[in-house]
Amino acid sequence: MLLQTEEHIKIKWSHRIKEKAEALGFISCGIAKADFLEEEAPRLEAWLKNDFHGEMLYMENHFDMRLDPRILVEGAKSVISLAYNYYQNLDRNPDSYKVAMYAQGEDYHFVVKEKVRELLDFIQEEIGEVSGRAFTDSAPILEHAWAKKTGIGWVGKNSLTLSKQKGSFFFLSELIIDLDLAYDSPIETDHCGKCTRCIDACPTEAILPNKTVNGSQCISYFTIELKDQIPTEMKGKFDDWIFGCDVCQEVCPWNRFSLPTKETRFVGHEKINQFSKKDWEEITEDVFREIFKKSPVKRTKYDGLKRNIDFVKSL
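- Going by what an unreviewed UniProt entry lists, the protein is known as Epoxyqueuosine reductase and is assigned to Empedobacter falsenii.
- The heading Function (unreviewed entry) in the UniProt record of the protein holds the text "Catalyzes the conversion of epoxyqueuosine (oQ) to queuosine (Q), which is a hypermodified base found in the wobble positions of tRNA(Asp), tRNA(Asn), tRNA(His) and tRNA(Tyr)."

1. Examining the UniProt feature "binding site: [4Fe-4S] cluster 2" (unreviewed entry) in the protein
And then number 1: When the UniProt feature table is mapped onto this chain numbering, "binding site: [4Fe-4S] cluster 2" (unreviewed entry) sits at C202, C218, C245 and C248. In three dimensions, the annotated residues from a span of 47 residues occupy one location, with a maximal C-alpha spread of 10.7 Å.
And then number 2: Mapped onto the elements, C202 comes out in the loop between α7 (197-201) and β8 (207-208).
And then number 3: When its relative accessible area of 14% is taken as the criterion, C202 is described as buried.
And then number 4: Along the chain, C248 turns up in helix α9 (residues 247-250).
And then number 5: Look at C248 and you get buried, because its relative accessible area is 18%.
And then number 6: Setting aside residues up to four positions removed in sequence, C248 forms contacts with N158, L160, C198 and I207.

2. Here's the deal with the domain arrangement of the protein
And then number 1: One can read the domain layout of the protein as domain 1 (6-89 + 105-177) and domain 2 (196-256 + 268-312).
And then number 2: Here the C-alpha centre of domain 2 lies 25 Å away from the C-alpha centre of domain 1.
And then number 3: Across the contact, 29 residues belong to domain 1 and 27 residues belong to domain 2.
And then number 4: Here domain 1 packs against domain 2, burying approximately 2,300 Å² in sum over the two surfaces, 58% of which is carbon and sulfur.
And then number 5: The tally of links between domain 1 and domain 2 comes to zero salt bridges.
And then number 6: The interface formed by domain 1 and domain 2 holds nine residue pairs in polar contact (both at pLDDT 80 or more) in total.
And then number 7: The residue inventory of the side of domain 1 that touches domain 2, partitioned by class, reads eleven nonpolar, ten polar and eight charged.

3. Observations regarding the UniProt feature "binding site: cob(II)alamin" (unreviewed entry) in the protein
And then number 1: In the numbering adopted here, UniProt assigns the feature "binding site: cob(II)alamin" (unreviewed entry) to R66, D137, N158, L172, S220, C245 and D246. Taken along the chain, the residues just named run across 181 residues; in space they spread out, the farthest C-alpha pair reaching 25.6 Å.
And then number 2: When you line up the elements, S220 lands in helix α8 (residues 219-225).
And then number 3: Examined against the element boundaries, C245 turns out to sit in the loop between β10 (241-243) and α9.
And then number 4: The class for C245 is buried, based on a relative accessible area of 18%.
And then number 5: Sequence-distant contacts of C245, that is, excluding residues within four places in its chain, are made with A100, I219 and S220.

4. Quick notes on the packing of aromatic side chains
And then number 1: Considering all chains together, one arrives at 19 aromatic pairs under this definition.
And then number 2: In textbook terms, an aromatic cluster arises when at least three aromatic residues are bridged by ring pairs, as seen for F26, Y84, Y86, Y87, Y102, Y108, F169, F171, F243 and F266.
And then number 3: Positioned above the aromatic ring of W13 is the side chain of K12, whose terminal nitrogen or guanidinium carbon lies 4.9 Å from the ring centre.
And then number 4: The ring of W254 has R256 sitting right over it, with the charged end atom 5.9 Å from the ring centre.

Thresholds, definitions, all that
Residues numbered from 1 in each chain as written. Predicted model: local features only at pLDDT ≥ 70, side-chain atom pairs only at ≥ 80, totals over all residues. Heavy atoms only, no water. UniProt positions renumbered as here; feature names shortened; annotations may be inferred. Helix = DSSP H or I, 4+ residues; strand = E, 2+ residues; numbered from the N terminus. Buried < 20%, exposed > 50% of the residue type's maximum accessible area, 1.4 Å probe, protein only. Contact = heavy atoms within 4.5 Å. Domains from an automatic or database assignment. Buried area = accessible area lost by both parts, 1.4 Å probe. Salt bridge = Lys/Arg side-chain N within 4 Å of Asp/Glu carboxyl O. Polar contact = N/O pair within 3.5 Å; in protein donor to acceptor, adjacent residues only side chain to side chain. Nonpolar A, V, L, I, M, F, W, Y, C, P; charged D, E, K, R; others polar. Phe/Tyr/Trp six-rings, centres within 6.5 Å; stacked < 30°, edge-to-face > 60°. Lys NZ or Arg CZ within 6 Å of the ring centre and 35° of its normal.

Okay, here's the thing in structure tokens:
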């Protein structure tokens, strides 16, 4: 009887947490036991051995931590995985360069993490002494593996989390806490089937079989992570992308179900999509600071964006 009562408490709190997550604007919330990601270990090791991370050397760090959340949070019992929608119906100037949808508005690291922390505050206020940490692309966590494990979606051939109802235009974040909860079941079915649209459409052929992406060949890597000059062999393959790339998501059939985000802070500066190519090519540092004041595009800095524009322009 005691075990049944404990199980009822776990179910009750899991339900309350999911209700609060929805109230905070998250479109999905799943919960899994904080445990070692056994299936992911050989995949991560092979990915690193193949140098698919390029110059993202930080990916080599904290190998064990990426696979075991209990190293990140002492006494961790549960991983709460959360999805936050950023999809927008963008009205792009056809004669313009392109910025990835996720980078249109304010930096998601701050917008979403603020909400994850609110969820942690709620848990601590409602339940009591619960320790945990909130993460939004800010720690060595295999977020897509946890999204699958918690039932948010399955991992697509482009290595992103896909949902039959919500597509893939959403940010993932995690809340790792030292509280036992009722756990969700993973999505075991791969609903990509025989579709290869993302593989076929990738401009740089970065998407490989077996749900593997060669990160060092991805347009997002070249325009954001790479600090050196972009390799000349990539000329003609960027399809006008100057920060990030959405091609594999744009062609995914499941994204026909994507609905516009309700988060006004993700709506970008109107100039981002109304600029002509000439406007981009003549952008000044002052204008860069104005447009991307709170944007993820700040990561590449003015000189980095100019490098990207010059590379695409010179085709």
